[in-house]
Amino acid sequence: MNHFELVQGSGGPELACEGVPLAKIAEAVGTPVYVYSSATLERHFTVLRDALTGAGLKDPLIAFAVKANPNVAVLRTLAAVGAGADVVSEGEIRRALAAGVPPDRIVFSGVGKTEAEVAFALETGVAEINLESEPELALVNRVAQQMGKRATVAIRVNPDVEAGGHAKISTGKAENKFGVSFGEAERLYANASNMAGVRPVGVACHIGSQITDLAPMEAAFKKMRGLVERLRAEGLSVERLDLGGGLGAPYFNSATPPAPADYAAMIARTMAGLTDIQFAFEPGRMIAANAGVLVAKVLHVNARPEGRKFLVLDAAMNDLLRPAMYDAFHDIRPVKPREGDPATYDVVGPICETGDTFTRDRALPPLEAGDLIAFMTAGAYGAAMSSEYNSRLLVPEVLVKGDQFAVVRPRPTYDDMLAKEQSAPWL
Ligand SMILES: *Cc1c(COP(=O)(O)O)cnc(C)c1O
(Lines give C-alpha, C1' and ligand atoms only; values in the text may rest on other atoms or scores of the structure.)
Protein backbone atom coordinates (compact mmCIF):
# COMPACT_ATOMS: atom_id res chain seq x y z
CA MET A 1 0.00 0.00 0.00
CA ASN A 2 1.08 3.62 -0.34
CA HIS A 3 0.04 7.11 0.69
CA PHE A 4 -0.71 8.63 -2.74
CA GLU A 5 -4.46 8.97 -2.97
CA LEU A 6 -7.17 11.10 -4.48
CA VAL A 7 -8.53 13.64 -2.03
CA GLN A 8 -11.31 16.17 -2.46
CA GLY A 9 -9.77 19.52 -3.47
CA SER A 10 -11.53 22.83 -4.03
CA GLY A 11 -11.74 22.15 -7.78
CA GLY A 12 -12.62 18.45 -7.53
CA PRO A 13 -10.63 15.29 -6.75
CA GLU A 14 -6.87 15.57 -6.84
CA LEU A 15 -3.89 13.36 -6.11
CA ALA A 16 -2.13 13.98 -2.80
CA CYS A 17 0.90 12.57 -1.04
CA GLU A 18 -0.21 12.02 2.56
CA GLY A 19 -1.70 15.41 3.51
CA VAL A 20 -0.11 17.45 0.71
CA PRO A 21 -1.70 17.89 -2.74
CA LEU A 22 0.88 17.15 -5.45
CA ALA A 23 -0.26 20.28 -7.30
CA LYS A 24 0.81 22.38 -4.32
CA ILE A 25 4.32 20.89 -4.46
CA ALA A 26 4.48 21.37 -8.23
CA GLU A 27 3.52 25.00 -7.81
CA ALA A 28 6.13 25.62 -5.11
CA VAL A 29 9.01 23.62 -6.60
CA GLY A 30 8.19 23.41 -10.29
CA THR A 31 8.19 20.28 -12.44
CA PRO A 32 9.51 17.72 -13.02
CA VAL A 33 9.87 16.77 -9.36
CA TYR A 34 10.12 13.56 -7.36
CA VAL A 35 7.87 13.36 -4.30
CA TYR A 36 8.39 10.77 -1.55
CA SER A 37 6.06 9.73 1.25
CA SER A 38 7.68 9.26 4.67
CA ALA A 39 4.72 7.20 5.85
CA THR A 40 5.05 4.77 2.94
CA LEU A 41 8.81 4.38 3.43
CA GLU A 42 8.31 3.72 7.15
CA ARG A 43 5.40 1.39 6.56
CA HIS A 44 7.21 -0.78 4.03
CA PHE A 45 10.19 -1.12 6.32
CA THR A 46 8.15 -1.98 9.41
CA VAL A 47 5.87 -4.38 7.54
CA LEU A 48 8.92 -6.30 6.33
CA ARG A 49 10.59 -6.28 9.74
CA ASP A 50 7.42 -7.34 11.52
CA ALA A 51 6.86 -10.12 9.00
CA LEU A 52 10.39 -11.44 9.50
CA THR A 53 10.36 -11.23 13.28
CA GLY A 54 6.78 -12.55 13.33
CA ALA A 55 7.98 -15.62 11.42
CA GLY A 56 10.54 -16.19 14.16
CA LEU A 57 13.70 -14.71 12.61
CA LYS A 58 15.39 -13.09 15.57
CA ASP A 59 16.84 -9.57 15.23
CA PRO A 60 17.26 -9.52 11.42
CA LEU A 61 19.56 -6.90 9.90
CA ILE A 62 17.52 -5.11 7.27
CA ALA A 63 19.97 -3.08 5.21
CA PHE A 64 18.18 -0.82 2.73
CA ALA A 65 19.87 -0.99 -0.68
CA VAL A 66 21.02 2.62 -0.96
CA LYS A 67 21.37 2.44 -4.72
CA ALA A 68 17.57 2.27 -5.03
CA ASN A 69 17.16 5.70 -3.46
CA PRO A 70 20.30 7.37 -2.12
CA ASN A 71 18.66 10.62 -1.01
CA VAL A 72 20.04 11.34 2.47
CA ALA A 73 16.66 12.47 3.84
CA VAL A 74 15.11 9.21 2.60
CA LEU A 75 17.94 7.25 4.24
CA ARG A 76 17.49 9.25 7.45
CA THR A 77 13.76 8.45 7.46
CA LEU A 78 14.54 4.74 7.17
CA ALA A 79 17.46 4.85 9.64
CA ALA A 80 15.10 6.38 12.21
CA VAL A 81 12.91 3.26 12.10
CA GLY A 82 15.91 0.94 12.37
CA ALA A 83 17.10 0.34 8.83
CA GLY A 84 20.71 -0.40 8.04
CA ALA A 85 22.26 0.24 4.64
CA ASP A 86 23.49 -2.01 1.85
CA VAL A 87 26.08 0.04 -0.02
CA VAL A 88 28.15 -0.49 -3.16
CA SER A 89 30.58 2.44 -3.15
CA GLU A 90 32.39 4.89 -0.90
CA GLY A 91 29.85 7.50 -1.91
CA GLU A 92 27.04 5.32 -0.61
CA ILE A 93 28.92 4.64 2.65
CA ARG A 94 29.24 8.40 3.08
CA ARG A 95 25.55 8.91 2.37
CA ALA A 96 24.56 6.22 4.88
CA LEU A 97 26.81 7.79 7.54
CA ALA A 98 25.47 11.27 6.76
CA ALA A 99 21.96 9.88 7.30
CA GLY A 100 22.89 8.53 10.71
CA VAL A 101 23.02 4.83 9.84
CA PRO A 102 25.27 3.21 12.46
CA PRO A 103 28.34 1.62 10.84
CA ASP A 104 27.47 -1.72 12.44
CA ARG A 105 24.37 -1.79 10.22
CA ILE A 106 26.21 -1.08 6.97
CA VAL A 107 26.93 -3.95 4.56
CA PHE A 108 29.39 -3.21 1.75
CA SER A 109 28.58 -5.17 -1.44
CA GLY A 110 29.70 -4.81 -5.05
CA VAL A 111 31.93 -6.62 -7.53
CA GLY A 112 34.58 -3.95 -8.00
CA LYS A 113 35.60 -2.35 -4.71
CA THR A 114 38.79 -0.30 -4.98
CA GLU A 115 41.62 -0.39 -2.47
CA ALA A 116 40.70 3.14 -1.33
CA GLU A 117 37.07 2.11 -0.82
CA VAL A 118 38.04 -0.96 1.18
CA ALA A 119 40.30 1.19 3.37
CA PHE A 120 37.51 3.70 3.88
CA ALA A 121 35.06 0.93 4.82
CA LEU A 122 37.52 -0.50 7.35
CA GLU A 123 38.21 2.96 8.77
CA THR A 124 34.45 3.44 9.16
CA GLY A 125 33.95 0.05 10.80
CA VAL A 126 31.20 -1.26 8.56
CA ALA A 127 29.43 -4.40 9.76
CA GLU A 128 30.46 -6.60 6.87
CA ILE A 129 32.20 -6.55 3.53
CA ASN A 130 30.60 -8.95 1.07
CA LEU A 131 33.35 -10.45 -1.07
CA GLU A 132 32.53 -11.33 -4.63
CA SER A 133 35.74 -13.04 -5.79
CA GLU A 134 39.09 -14.50 -4.75
CA PRO A 135 41.09 -11.41 -5.85
CA GLU A 136 38.79 -9.30 -3.72
CA LEU A 137 39.42 -11.54 -0.71
CA ALA A 138 43.16 -11.08 -1.23
CA LEU A 139 42.71 -7.31 -1.54
CA VAL A 140 40.69 -6.95 1.65
CA ASN A 141 43.07 -9.24 3.56
CA ARG A 142 46.04 -7.13 2.46
CA VAL A 143 44.48 -3.71 3.09
CA ALA A 144 43.18 -4.75 6.52
CA GLN A 145 46.59 -6.04 7.60
CA GLN A 146 48.26 -2.83 6.43
CA MET A 147 45.82 -0.98 8.66
CA GLY A 148 46.32 -3.36 11.58
CA LYS A 149 42.71 -4.50 11.34
CA ARG A 150 40.76 -7.66 10.72
CA ALA A 151 37.88 -7.19 8.28
CA THR A 152 34.54 -8.84 8.97
CA VAL A 153 33.61 -10.45 5.66
CA ALA A 154 30.98 -12.63 4.04
CA ILE A 155 31.35 -14.56 0.80
CA ARG A 156 28.75 -13.73 -1.84
CA VAL A 157 27.58 -16.81 -3.63
CA ASN A 158 25.95 -16.94 -7.01
CA PRO A 159 23.27 -19.61 -6.50
CA ASP A 160 22.80 -20.13 -10.25
CA VAL A 161 19.02 -19.82 -10.35
CA GLU A 162 16.86 -18.11 -12.92
CA ALA A 163 14.99 -15.42 -11.00
CA GLY A 164 12.82 -14.11 -13.82
CA GLY A 165 12.56 -10.38 -14.33
CA HIS A 166 14.48 -8.31 -16.87
CA ALA A 167 17.83 -9.64 -18.10
CA LYS A 168 19.57 -6.40 -17.11
CA ILE A 169 18.60 -6.91 -13.45
CA SER A 170 19.12 -10.66 -13.16
CA THR A 171 22.16 -11.39 -11.01
CA GLY A 172 21.88 -14.97 -9.81
CA LYS A 173 22.84 -16.99 -12.89
CA ALA A 174 26.32 -18.48 -13.22
CA GLU A 175 26.86 -16.34 -16.34
CA ASN A 176 26.33 -13.10 -14.36
CA LYS A 177 29.34 -11.25 -12.93
CA PHE A 178 28.21 -11.54 -9.30
CA GLY A 179 29.52 -13.83 -6.58
CA VAL A 180 31.27 -17.19 -6.63
CA SER A 181 30.01 -20.77 -7.08
CA PHE A 182 29.14 -22.94 -4.07
CA GLY A 183 32.33 -24.94 -4.48
CA GLU A 184 34.41 -21.78 -4.66
CA ALA A 185 32.61 -20.39 -1.64
CA GLU A 186 33.59 -23.37 0.52
CA ARG A 187 37.21 -23.12 -0.54
CA LEU A 188 37.38 -19.32 -0.08
CA TYR A 189 35.64 -19.48 3.29
CA ALA A 190 38.13 -22.04 4.56
CA ASN A 191 41.05 -19.98 3.19
CA ALA A 192 39.68 -16.78 4.66
CA SER A 193 39.38 -18.34 8.10
CA ASN A 194 43.16 -18.83 8.07
CA MET A 195 43.97 -15.27 6.98
CA ALA A 196 45.16 -12.65 9.45
CA GLY A 197 43.34 -9.74 7.81
CA VAL A 198 39.84 -11.14 7.49
CA ARG A 199 37.28 -12.88 9.67
CA PRO A 200 34.59 -14.67 7.64
CA VAL A 201 31.25 -14.47 9.46
CA GLY A 202 28.81 -15.61 6.85
CA VAL A 203 27.61 -16.07 3.33
CA ALA A 204 25.44 -13.85 1.15
CA CYS A 205 23.38 -14.01 -2.01
CA HIS A 206 21.19 -11.69 -4.08
CA ILE A 207 19.58 -13.27 -7.09
CA GLY A 208 18.02 -10.35 -8.92
CA SER A 209 15.45 -7.61 -8.77
CA GLN A 210 11.72 -7.18 -9.33
CA ILE A 211 11.14 -10.82 -8.38
CA THR A 212 7.45 -11.65 -8.18
CA ASP A 213 7.70 -15.39 -7.62
CA LEU A 214 8.99 -16.92 -4.39
CA ALA A 215 10.01 -20.22 -6.03
CA PRO A 216 13.43 -19.11 -7.37
CA MET A 217 14.19 -17.44 -4.05
CA GLU A 218 13.24 -20.58 -2.16
CA ALA A 219 15.44 -22.66 -4.45
CA ALA A 220 18.37 -20.29 -3.87
CA PHE A 221 17.82 -20.09 -0.12
CA LYS A 222 17.73 -23.90 0.22
CA LYS A 223 21.10 -24.06 -1.51
CA MET A 224 22.40 -21.33 0.83
CA ARG A 225 21.25 -23.29 3.84
CA GLY A 226 23.05 -26.35 2.52
CA LEU A 227 26.21 -24.29 2.21
CA VAL A 228 25.96 -23.04 5.79
CA GLU A 229 25.55 -26.63 7.00
CA ARG A 230 28.53 -27.87 4.99
CA LEU A 231 30.74 -25.04 6.27
CA ARG A 232 29.69 -25.76 9.84
CA ALA A 233 30.32 -29.46 9.33
CA GLU A 234 33.89 -28.54 8.39
CA GLY A 235 34.21 -26.81 11.75
CA LEU A 236 33.92 -23.28 10.37
CA SER A 237 31.90 -20.68 12.22
CA VAL A 238 28.96 -19.17 10.29
CA GLU A 239 27.10 -16.46 12.18
CA ARG A 240 25.26 -14.61 9.45
CA LEU A 241 23.26 -15.47 6.36
CA ASP A 242 22.54 -12.54 4.04
CA LEU A 243 19.64 -13.32 1.72
CA GLY A 244 19.88 -10.12 -0.34
CA GLY A 245 17.01 -8.08 -1.72
CA GLY A 246 15.02 -8.50 -4.89
CA LEU A 247 11.39 -8.56 -3.81
CA GLY A 248 9.30 -6.88 -6.48
CA ALA A 249 7.11 -3.81 -6.28
CA PRO A 250 3.62 -3.55 -7.78
CA TYR A 251 3.92 -1.73 -11.11
CA PHE A 252 0.32 -2.69 -12.03
CA ASN A 253 1.09 -4.40 -15.34
CA SER A 254 2.85 -7.45 -13.96
CA ALA A 255 2.40 -10.19 -11.43
CA THR A 256 1.72 -8.97 -7.91
CA PRO A 257 4.82 -9.33 -5.79
CA PRO A 258 4.65 -11.73 -2.87
CA ALA A 259 3.41 -10.32 0.43
CA PRO A 260 6.16 -9.79 3.01
CA ALA A 261 4.39 -12.29 5.28
CA ASP A 262 4.60 -15.01 2.60
CA TYR A 263 8.25 -14.17 1.95
CA ALA A 264 8.99 -14.39 5.68
CA ALA A 265 7.04 -17.65 6.05
CA MET A 266 8.97 -19.16 3.14
CA ILE A 267 12.27 -18.22 4.79
CA ALA A 268 11.19 -19.56 8.18
CA ARG A 269 10.19 -22.82 6.51
CA THR A 270 13.38 -23.08 4.46
CA MET A 271 15.60 -22.31 7.44
CA ALA A 272 13.69 -24.26 10.11
CA GLY A 273 16.12 -25.82 12.58
CA LEU A 274 19.10 -23.73 11.48
CA THR A 275 20.17 -22.18 14.78
CA ASP A 276 22.56 -19.48 15.98
CA ILE A 277 22.38 -17.47 12.83
CA GLN A 278 21.50 -13.85 12.16
CA PHE A 279 19.64 -13.21 8.92
CA ALA A 280 20.39 -10.12 6.88
CA PHE A 281 18.33 -8.64 4.05
CA GLU A 282 19.06 -5.99 1.43
CA PRO A 283 15.70 -4.76 0.16
CA GLY A 284 15.67 -1.70 -2.08
CA ARG A 285 12.78 -1.61 -4.50
CA MET A 286 10.14 -3.12 -2.19
CA ILE A 287 10.80 -0.36 0.35
CA ALA A 288 11.17 2.69 -1.88
CA ALA A 289 9.43 2.11 -5.22
CA ASN A 290 5.90 2.66 -4.09
CA ALA A 291 6.93 5.50 -1.78
CA GLY A 292 7.70 7.90 -4.61
CA VAL A 293 6.20 9.48 -7.71
CA LEU A 294 7.61 11.67 -10.45
CA VAL A 295 5.33 14.63 -11.13
CA ALA A 296 5.58 16.15 -14.60
CA LYS A 297 3.68 18.70 -16.63
CA VAL A 298 2.10 18.18 -20.04
CA LEU A 299 3.79 20.65 -22.41
CA HIS A 300 1.84 19.76 -25.54
CA VAL A 301 -0.73 17.34 -26.77
CA ASN A 302 0.52 16.72 -30.26
CA ALA A 303 -2.21 14.97 -32.25
CA ARG A 304 -0.75 13.81 -35.58
CA PRO A 305 -3.06 13.86 -38.58
CA GLU A 306 -2.27 10.18 -39.21
CA GLY A 307 -3.66 9.30 -35.81
CA ARG A 308 -0.97 9.09 -33.12
CA LYS A 309 -1.39 11.36 -30.14
CA PHE A 310 1.83 12.37 -28.39
CA LEU A 311 1.73 13.62 -24.85
CA VAL A 312 4.91 15.70 -24.59
CA LEU A 313 6.01 16.09 -20.97
CA ASP A 314 8.59 18.30 -19.27
CA ALA A 315 10.08 15.12 -17.76
CA ALA A 316 12.40 13.00 -19.86
CA MET A 317 14.44 9.82 -19.85
CA ASN A 318 17.21 11.63 -17.96
CA ASP A 319 14.77 12.09 -15.04
CA LEU A 320 13.26 8.59 -15.15
CA LEU A 321 15.39 6.14 -17.09
CA ARG A 322 13.60 2.87 -16.31
CA PRO A 323 11.24 2.82 -19.31
CA ALA A 324 14.10 3.50 -21.77
CA MET A 325 16.56 1.18 -20.02
CA TYR A 326 14.41 -1.75 -18.92
CA ASP A 327 11.20 -1.27 -20.92
CA ALA A 328 9.70 -0.66 -17.50
CA PHE A 329 6.04 0.09 -16.98
CA HIS A 330 4.93 2.96 -14.75
CA ASP A 331 1.31 3.67 -14.05
CA ILE A 332 0.52 7.25 -15.11
CA ARG A 333 -2.16 9.16 -13.27
CA PRO A 334 -3.47 12.68 -13.84
CA VAL A 335 -2.94 14.82 -10.74
CA LYS A 336 -6.36 16.42 -11.27
CA PRO A 337 -8.36 13.94 -13.30
CA ARG A 338 -10.78 15.45 -15.83
CA GLU A 339 -14.14 13.99 -16.71
CA GLY A 340 -14.39 12.43 -20.14
CA ASP A 341 -13.48 9.48 -22.30
CA PRO A 342 -9.95 8.11 -22.14
CA ALA A 343 -7.69 8.68 -25.11
CA THR A 344 -4.69 6.70 -26.32
CA TYR A 345 -1.36 8.47 -26.01
CA ASP A 346 2.32 7.95 -26.67
CA VAL A 347 3.90 9.58 -23.64
CA VAL A 348 7.26 11.15 -24.47
CA GLY A 349 9.87 13.55 -23.12
CA PRO A 350 11.61 16.40 -24.93
CA ILE A 351 14.99 14.67 -25.39
CA CYS A 352 16.32 14.18 -28.91
CA GLU A 353 16.16 10.38 -28.88
CA THR A 354 13.41 7.99 -29.82
CA GLY A 355 14.27 6.14 -26.60
CA ASP A 356 12.84 9.11 -24.72
CA THR A 357 9.44 7.42 -24.76
CA PHE A 358 7.82 6.50 -21.47
CA THR A 359 5.09 4.41 -23.02
CA ARG A 360 3.19 3.89 -26.27
CA ASP A 361 -0.52 3.39 -26.89
CA ARG A 362 -1.47 4.06 -23.26
CA ALA A 363 -5.13 4.75 -22.55
CA LEU A 364 -5.31 7.70 -20.16
CA PRO A 365 -8.04 10.05 -19.01
CA PRO A 366 -8.25 13.20 -21.16
CA LEU A 367 -5.28 15.52 -20.70
CA GLU A 368 -4.51 19.04 -21.87
CA ALA A 369 -1.40 21.18 -22.05
CA GLY A 370 -0.56 22.47 -18.57
CA ASP A 371 -2.02 19.43 -16.76
CA LEU A 372 0.09 17.58 -14.23
CA ILE A 373 0.61 13.83 -14.30
CA ALA A 374 2.32 11.49 -11.85
CA PHE A 375 4.45 8.49 -12.73
CA MET A 376 3.59 6.11 -9.93
CA THR A 377 5.97 3.67 -8.21
CA ALA A 378 8.97 5.82 -9.11
CA GLY A 379 10.66 6.00 -5.70
CA ALA A 380 13.25 3.32 -6.48
CA TYR A 381 15.78 3.56 -9.31
CA GLY A 382 14.14 6.84 -10.32
CA ALA A 383 16.01 9.93 -9.12
CA ALA A 384 18.86 7.53 -8.32
CA MET A 385 19.48 7.01 -12.05
CA SER A 386 18.79 10.57 -13.16
CA SER A 387 21.36 12.57 -15.11
CA GLU A 388 21.84 15.91 -16.83
CA TYR A 389 21.65 14.38 -20.32
CA ASN A 390 20.74 17.08 -22.86
CA SER A 391 22.02 19.59 -20.26
CA ARG A 392 18.77 19.38 -18.39
CA LEU A 393 18.94 20.34 -14.71
CA LEU A 394 18.98 17.44 -12.26
CA VAL A 395 15.44 16.70 -11.11
CA PRO A 396 14.68 17.92 -7.55
CA GLU A 397 13.33 15.73 -4.75
CA VAL A 398 10.71 16.51 -2.12
CA LEU A 399 9.93 14.57 1.06
CA VAL A 400 6.44 14.70 2.55
CA LYS A 401 5.51 13.97 6.14
CA GLY A 402 1.87 14.39 7.07
CA ASP A 403 0.84 17.84 5.94
CA GLN A 404 4.42 19.12 5.65
CA PHE A 405 6.85 18.90 2.77
CA ALA A 406 10.50 19.80 2.33
CA VAL A 407 12.76 20.07 -0.69
CA VAL A 408 15.46 17.51 0.09
CA ARG A 409 17.40 17.93 -3.16
CA PRO A 410 16.87 21.37 -4.69
CA ARG A 411 16.78 21.90 -8.40
CA PRO A 412 20.22 23.27 -9.31
CA THR A 413 20.58 26.50 -11.25
CA TYR A 414 22.18 26.69 -14.69
CA ASP A 415 25.10 28.45 -13.02
CA ASP A 416 25.49 25.44 -10.69
CA MET A 417 25.51 23.19 -13.72
CA LEU A 418 28.19 25.17 -15.53
CA ALA A 419 30.27 25.69 -12.38
CA LYS A 420 30.98 21.95 -12.20
CA GLU A 421 33.24 22.24 -15.24
CA GLN A 422 36.41 24.13 -15.98
CA SER A 423 38.31 25.08 -19.09
CA ALA A 424 41.59 23.62 -20.37
CA PRO A 425 44.68 25.87 -20.21
CA TRP A 426 45.00 26.01 -24.02
CA LEU A 427 41.45 27.23 -24.61
C1 LIG B 1 20.57 -3.96 -6.12
C2 LIG B 1 20.92 -4.81 -4.96
C3 LIG B 1 20.00 -4.98 -3.92
C4 LIG B 1 18.60 -4.40 -3.95
O5 LIG B 1 17.80 -4.97 -4.90
P6 LIG B 1 16.23 -4.65 -4.93
O7 LIG B 1 15.72 -5.41 -6.07
O8 LIG B 1 16.08 -3.19 -5.08
O9 LIG B 1 15.67 -5.14 -3.63
C10 LIG B 1 20.39 -5.73 -2.83
N11 LIG B 1 21.63 -6.29 -2.76
C12 LIG B 1 22.54 -6.14 -3.74
C13 LIG B 1 23.87 -6.77 -3.60
C14 LIG B 1 22.22 -5.40 -4.87
O15 LIG B 1 23.11 -5.27 -5.85
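Keep in mind that this is a model prediction, so the values were computed, not measured. (Residues numbered from 1 in each chain as written. Predicted model: local features only at pLDDT ≥ 70, side-chain atom pairs only at ≥ 80, totals over all residues. Heavy atoms only, no water.)

Draft legend 1. Focus on the pattern of salt bridges. All chains considered together, the criterion is met by 23 salt bridges. The partner of Arg49 in a salt bridge is Asp50, and the shortest N-O contact between them spans 3.9 Å. Given a relative accessible area of 47%, Asp50 falls into the partly exposed group. Residues Glu90 and Arg94 are paired through a salt bridge, measuring 2.8 Å at the closest nitrogen-oxygen approach. Remark: Arg94 and Glu90 occur in helix H4 (residues 90-98); sequence separation between them is four residues, near one turn of the helix. (Salt bridge = Lys/Arg side-chain N within 4 Å of Asp/Glu carboxyl O. Buried < 20%, exposed > 50% of the residue type's maximum accessible area, 1.4 Å probe, protein only. Helix = DSSP H or I, 4+ residues; strand = E, 2+ residues; numbered from the N terminus.)

Draft legend 2. Seen up close, unusual backbone geometry. Looking along the chain, the bond that leaves Thr31 and enters Pro32 is cis, with omega of -5 degrees. Following the sequence through the fold, Pro32 ends up in the loop between helix H1 (22-29) and strand E4 (33-37). Residue Gln210 is not a glycine yet carries a positive backbone phi of 55 degrees. Tracing the backbone through its elements, the reader meets Gln210 in the loop between strand E10 (198-204) and helix H8 (214-233). Unlike most non-glycine residues, Ser391 shows phi in positive territory, near 50 degrees. Considering the arrangement of structural elements, one finds Ser391 in the loop between strand E18 (372-375) and strand E19 (397-401). The class for Ser391 is partly exposed, based on a relative accessible area of 48%.

Draft legend 3. Examining H4 more closely. All of the buried residues in H4 are Glu90, Glu92, Ile93 and Ala96. Projected down its long axis, H4 shows its buried positions confined to an angular sector of 160 degrees, all on one face. Here the buried face of H4 lies against helix H3 (72-80), strand E6 (84-87), strand E7 (106-108) and helix H5 (115-124). (Arc of directions from axis to C-beta. Contact = heavy atoms within 4.5 Å.)

Draft legend 4. Examining the packing of H3 against H4 more closely. Across the interface, H3 lies against H4 with an axial gap of 8 Å and an inter-helix angle of 55 degrees. Considering their axes alone, H3 and H4 lie oblique with respect to each other. Considering the relative orientation of H3 and H4, their crossing is right-handed. Residues Val72, Leu75 and Arg76 of H3 form the contact with H4, whose own contacting residues are Arg95, Ala96 and Ala98. Partitioned by chemical class, the residues of the contact of H3 with H4 number four nonpolar, no polar and two charged. (Axes fitted to C-alpha atoms, helices over the stretch in contact; angles between N-to-C directions. Parallel < 35°, antiparallel > 145°, perpendicular 65-115°, else oblique. Left-handed = near helix turned anticlockwise from the far one by under 90°. Nonpolar A, V, L, I, M, F, W, Y, C, P; charged D, E, K, R; others polar.)

Draft legend 5. The arrangement of the pairing of strand E13 (residues 292-303) in detail. In the sheet, E4 pairs with E13 via four bridges, with the strands oriented antiparallel. Residue pairing in the sheet places Tyr34 in a bridge with Leu294 of E13. Strand direction decides the pairing type here: E13 and E18, joined by four bridges, are antiparallel. Looking at E18, one finds that Leu294 is bridged to Phe375. Strand direction decides the pairing type here: E13 and strand E14 (residues 309-313), joined by five bridges, are antiparallel. Across the sheet, residue Val301 finds its bridge partner in E14, namely Leu311. Joining the antiparallel neighbours E13 and E14 is a turn of five residues, in which Gly307 adopts a positive phi near 125 degrees. (Pairing = 2+ DSSP bridges.)

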